[in-house]
Amino acid sequence: MSLQALIFDVDGTLADTERDGHRVAFNAAFAEHGLDWHWDEALYGELLQVAGGVERLAHYARAHRALTLADDELAALLRRLHASKTRHYVQRVAEGAVRLRPGVARLIREARREGLRLAIATTTTRDNVIALLRATLGEDAPHWFDVMGTAQEVAAKKPDPAVYRWVLERLGLDADAAIAFEDSAHGVTAATAAGLRCLVTPTDYSAGDAFGAASARLTDLDHHPDDPARPVTLDDVRRWHAEMPRKDAPSVRPARADPA
Ligand code: XBP
Ligand code: MG
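It should be emphasised that the depicted structure is a prediction, and the values quoted were computed from it without experimental measurement.

Describing the site of ligand 1
(1) Moving on: Taken together, 19 residues lie near ligand 1, and Glu18, Gly53, His82, Thr122 and Thr125 sit nearest.
(2) Moving on: In the model, an oxygen atom of ligand 1 is placed 3.5 Å from a nitrogen or oxygen of the valine 10 main chain.
(3) Moving on: Threonine 123 is positioned such that a nitrogen or oxygen atom in its backbone is 2.9 Å from an oxygen atom of ligand 1.
(4) Moving on: Its free accessible area being 450 Å², ligand 1 has 95% of it covered by the protein chains.
(5) Moving on: Judged by its atoms lying within 2 Å of the grid points, ligand 1 is housed in the largest pocket.
(6) Moving on: Those elements that place two or more of their residues in the shell around ligand 1 are helix H1 (18-32), helix H3 (53-63) and helix H4 (71-94).
(7) Moving on: Broken down by element, the residue count for the shell around ligand 1 peaks at three residues, all from H1.
(8) Moving on: Residues that form the shell around ligand 1 fall into these classes: four nonpolar, nine polar and six charged.

See below:
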């Protein structure tokens, strides 16, 4: 089936947001609430194993701070902290603190010119996505995406495939007609479990992750694995889409992409 849609993860894929974006916003929220919590880069790398900001806060509160608040009190505190964090993150992004990863804007614009559909499948909060797209691609950019699956539409977090299944259903497409772009093992697991082939551009935080057969690993979208002097084009994406196995297919290595 020919490629009809590109489905992008957000954090780590569209932009390297975690270390200098989300992590800084979490720490600003802790300070705003008078908490002596601080997530340094190393600890945050560990906490990233928990997808979802509220879930990450809950894990930290229990596992690292052994908070003994009653469940409803803890839940209320975590909601307040996460709302504060989201305000700080949106403000940082709006001020230009986060840039798109190499080649992302170029590939998105090429896809638009050639009439491919675009979608988002992310664990993060919708406001974060809108702020990032507006700050990096322009005020109209959120409208370029036919479907946007975020934490507001799908509660189950990656590696659960729910957000990718939700996006495919809203696109009205079979997984065979699309390809996912991800940065982490959680994300690749979610996308491939939904039947999608996946192109992976790891970040420093996910460079040590292992990815599956239905995925191809790239440095970034500006450096083709076979010739880093040239960018990854839409034709390259179409070729990988045609060559890569789906998760339930026997694993046959794509001829021209790094084994992930
Ligand atoms: C990454 C996540 C998110 C962000 C924080 O999402 O797991 O939780 O780290 O954002 P993805 P929130 O890679 O799927 O884009 O605090 O809004 O959850
Ligand atoms: Mg990601």
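Focus on the domain arrangement of the chain
(1) Moving on: Domain boundaries assigned for the chain yield domain 1 (5-16 + 100-243) and domain 2 (18-94).
(2) Moving on: Between domain 1 and domain 2, the residue contacts involve 15 residues of the former and 19 residues of the latter.
(3) Moving on: Counting the surface lost from both domain 1 and domain 2, the interface buries some 1300 Å², and carbon and sulfur atoms represent 56% of this.
(4) Moving on: Our enumeration of links across domain 1 and domain 2 arrives at two salt bridges.
(5) Moving on: We note a salt bridge from glutamate 55 to lysine 157, for which the minimum N-O separation is 3.0 Å.
(6) Moving on: For the interface between domain 1 and domain 2, the tally reads four residue pairs in polar contact (both at pLDDT 80 or more).
(7) Moving on: Top contributing element to the side of domain 1 that touches domain 2 by residue count: helix H6 (residues 126-137), with five residues.

What to know about the pattern of salt bridges
(1) Moving on: Applying the stated rule across the entire model yields 19 salt bridges.
(2) Moving on: One network of salt bridges, with partners in common, ties together Arg19, Arg23, Glu41 and Asp204.

Focus: the coordination of the magnesium ion (ligand 2)
(1) Moving on: Taken together, Asp9 (OD), Asp11 (O) and Asp183 (OD) make up the full set of protein donors to the magnesium ion (ligand 2), lying 2.1 to 2.3 Å away.
(2) Moving on: Spacing between the donor residues of the magnesium ion (ligand 2) along the chain follows D-x1-D-x171-D. Taken together, the residues aspartate 9 in the loop between strand S1 (5-8) and H1 and aspartate 183 in the loop between strand S4 (178-182) and helix H8 (185-193) connect sequence positions 174 residues apart. In this structure, aspartate 9 and aspartate 183 share a single accessibility class: buried.

Points about H3
(1) Moving on: Burial in H3 covers these residues: Gly53, Arg56, Leu57, Tyr60 and Ala61. On an axial view of H3, the arc spanned by its buried residues comes to 130°, and they lie on one face.
(2) Moving on: Those residues of H3 hidden inside the fold are in contact with H1, helix H2 (41-47) and H4.

Topic: the layout of surface pockets
Unoccupied space between atoms shows up once a probe the size of one water molecule is rolled over them.
(1) Moving on: Reported here for the largest pocket is a volume of approximately 590 Å³.
(2) Moving on: Glu18, Leu48, Ala51, Gly52 and Arg56 are, among the 36 residues lining the largest pocket, the residues nearest its centre.
(3) Moving on: Of all the secondary-structure elements, those providing two or more residues to the lining of the largest pocket are H1, H2, H3, H4 and H8.
(4) Moving on: If one sorts the elements of the lining of the largest pocket by residue count, H3 sits on top with four residues.
(5) Moving on: Across the lining of the largest pocket, the residue classes break down as eight nonpolar, 16 polar and twelve charged.
(6) Moving on: Both domain 1 (5-16 + 100-243) and domain 2 (18-94) contribute no fewer than three residues apiece to the lining of the largest pocket.

About the criteria used
- Residue indices follow the written sequence of each chain, beginning from 1 at its first position.
- Chain labels run from A onward and ligand labels from 1 onward, assigned in the order the entries are written.
- pLDDT decides what is reported in this predicted model: residues at 70 or higher carry local features, side-chain atom pairs at 80 or more are listed and counted, and totals for whole chains, interfaces and linings draw on all residues regardless.
- Here the side-chain values reflect all heavy atoms present in the structure, with hydrogen atoms and water set aside.
- Each residue is tested against the molecule or strand, and it is near if at least one of its non-hydrogen atoms lies within 4 Å.
- A 3.5 Å cut-off defines polar contacts: any pair of N or O atoms within that distance qualifies, except that in protein one atom must be a possible hydrogen donor and the other a possible acceptor, and neighbouring residues in sequence count only when both atoms are side-chain atoms.
- Only the protein chains shown count as covering a residue, and every accessible area follows the Shrake-Rupley method with a 1.4 Å probe.
- For cavity detection a 1 Å grid was placed over the protein atoms alone, and a set of points counts as a cavity when a 1.4 Å probe fits there but cannot get out; an open set counts as a pocket when protein lies on both sides within 12 Å along at least five of seven lines, with lining residues being those that have an atom within 4 Å of a point.
- Pocket or cavity membership: a molecule qualifies when more than half of its atoms sit within 2 Å of the grid points of that site.
- Here a helix means four or more residues in a row that DSSP labels H or I, a strand means two or more in a row labelled E, and each is numbered from the N terminus.
- Residue type decides the class: Asp, Glu, Lys and Arg count as charged, Ala, Val, Leu, Ile, Met, Phe, Trp, Tyr, Cys and Pro as nonpolar, and the leftover types, Gly among them, as polar.
- Note that the domain bounds were set by an automatic or database domain assignment.
- Any two residues whose heavy atoms approach within 4.5 Å at even a single point are treated as in contact.
- As a working definition, buried area equals the accessible area (1.4 Å probe) given up by two parts on being put together, with both sides summed.
- By salt bridge we mean one thing: a side-chain nitrogen of Lys or Arg within 4 Å of a carboxyl oxygen of Asp or Glu.
- Coordinating donors are taken to be N, O and S atoms lying within 2.8 Å of the metal, or within 3.2 Å when the metal is Na, K or Ca; because water is excluded from the atom set, some sites may appear incomplete.
- For each residue, the accessible area found with a 1.4 Å probe, counting protein chains only, is set against the maximum for its type, and the residue is called buried under 20%, exposed over 50%, and partly exposed in between.
- Working definition: the arc comes from the directions between the helix axis and the C-beta atoms, pointing outward to the latter.
- Grid points are joined across faces, edges and corners, and a volume is the space filled by probe spheres set on the points.

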